[in-house]
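Analysis of the macromolecular model
Here are the chains, one letter per residue:
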Amino acid sequence: MAPLHRLHLCLPLLLLLLLPAAPAPVATPVPRPSTDWAACKNISRELLQRVMTLKEPHQVLEKTHLSEEDPKNWPPRIRCSDACDPSTLDTNNTRCLQRILQGLQHYRDLLGSDIFTTRPLPWLEAALDQLLGLVQQEHSHLPRHPMAPSEAWAHPLLQRLALQRLQSFATVISRIFTHSASPR
């Protein structure tokens, strides 16, 4: 009788194991905003065209090639390790977008610094702000960072160096956004 009694106790447990379980509630993923690649492409091209059309107000500086004295005060450059190559962009673009975000913020802050008080370029700042708005959708919004003040005599030289770097940066990000915006 004891084995029959044990079977009687185990039968409900066995039935619970054999019956299909109720489906677990499926967590609905919260959609993350995605980068509007086409808008980034258009604005980065516009930014590049605007920088390229700038004329140097000091003629002597047009033939001057500047080297940097203090590289820590200049923007992050996009490097191979930033994963901005086409094959990596197609699978994971987070690292590349973070580097672009850092560069955009740096140039926006630089254009708002004392270096450009005598030569404000609000339309360049506006284009950088537009791009920042698009790229920051997936990343945290970072505030402006004040730049260290510089000597007034150096402003024309620093402006030229900053605009040359901005042109190079805009060229690279325009290529990145153009690739990312193209249909695959």
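The rules behind each value
- Residues numbered from 1 in each chain as written.
- Predicted model: local features only at pLDDT ≥ 70, side-chain atom pairs only at ≥ 80, totals over all residues.
- Heavy atoms only, no water.
- Salt bridge = Lys/Arg side-chain N within 4 Å of Asp/Glu carboxyl O.
- Helix = DSSP H or I, 4+ residues; strand = E, 2+ residues; numbered from the N terminus.
- pLDDT = per-residue confidence, 0-100.
- Contact = heavy atoms within 4.5 Å.
- Buried < 20%, exposed > 50% of the residue type's maximum accessible area, 1.4 Å probe, protein only.
- Axes fitted to C-alpha atoms, helices over the stretch in contact; angles between N-to-C directions.
- Parallel < 35°, antiparallel > 145°, perpendicular 65-115°, else oblique.
- Left-handed = near helix turned anticlockwise from the far one by under 90°.
- Nonpolar A, V, L, I, M, F, W, Y, C, P; charged D, E, K, R; others polar.
- Disulfide = S-S within 2.5 Å.

When charged atoms on two side chains of opposite charge get close, those side chains can pair. Enumeration according to the criterion identifies four salt bridges in this entry. Among the ionic pairs, Arg-108 bridges to Asp-129, the shortest N-O distance being 3.9 Å. In this pair, Arg-108 sits in helix α4 (residues 94-111) while Asp-129 sits in helix α5 (residues 122-135), placing the two residues 21 residues apart along the sequence. Because the salt bridges share partners, they merge into one network encompassing Arg-108, Asp-109 and Asp-129.

Chain-level pLDDT for the protein is 76 on average; 67% of the residues reach the 70-or-more range. Contacts for the low-pLDDT stretch residues 10-32, under 50 throughout, to residues beyond four places or in other chains number one contact.

The next point concerns unusual backbone geometry. One non-glycine residue with positive phi stands out, namely Ala-83, at about 60 degrees. On the accessibility criterion, Ala-83 (10% relative accessible area) is buried.

Viewed as axis vectors pointing N to C, helix α2 (residues 37-53) and helix α6 (residues 155-181) meet at an angle of 155 degrees, and their least axial separation amounts to 8 Å. The angle between the axes of α2 and α6 places the two elements in the roughly antiparallel class. Taken as a pair, α2 and α6 cross one another with a handedness that is left-handed. From α2, Trp-37, Ala-38, Cys-40, Lys-41, Ser-44, Arg-45, Leu-47, Leu-48, Val-51 and Met-52 reach across to α6, where they touch Leu-163, Leu-166, Gln-167, Ala-170, Thr-171, Ile-173, Ser-174, Phe-177, Thr-178, Ser-180 and Ala-181. Partitioned by chemical class, the residues of the contact of α2 with α6 number 13 nonpolar, six polar and two charged.

Turning to the state of the cysteines, a few remarks are in order. Summed over all chains, the structure comprises one disulfide. The side chain of Cys-84 participates in a disulfide bridge whose partner is Cys-96; the two sulfur atoms lie 2.0 Å from each other. Here the disulfide of Cys-84 and Cys-96 is right-handed, its torsion about the S-S bond being about 110 degrees. A residue pair is termed long-range when its members are at least 10 positions apart, and Cys-84 in the loop between α2 and α3 (86-89) and Cys-96 in helix α4 qualify at 12 residues. For Cys-96, a relative accessible area of 0% corresponds to the buried category.

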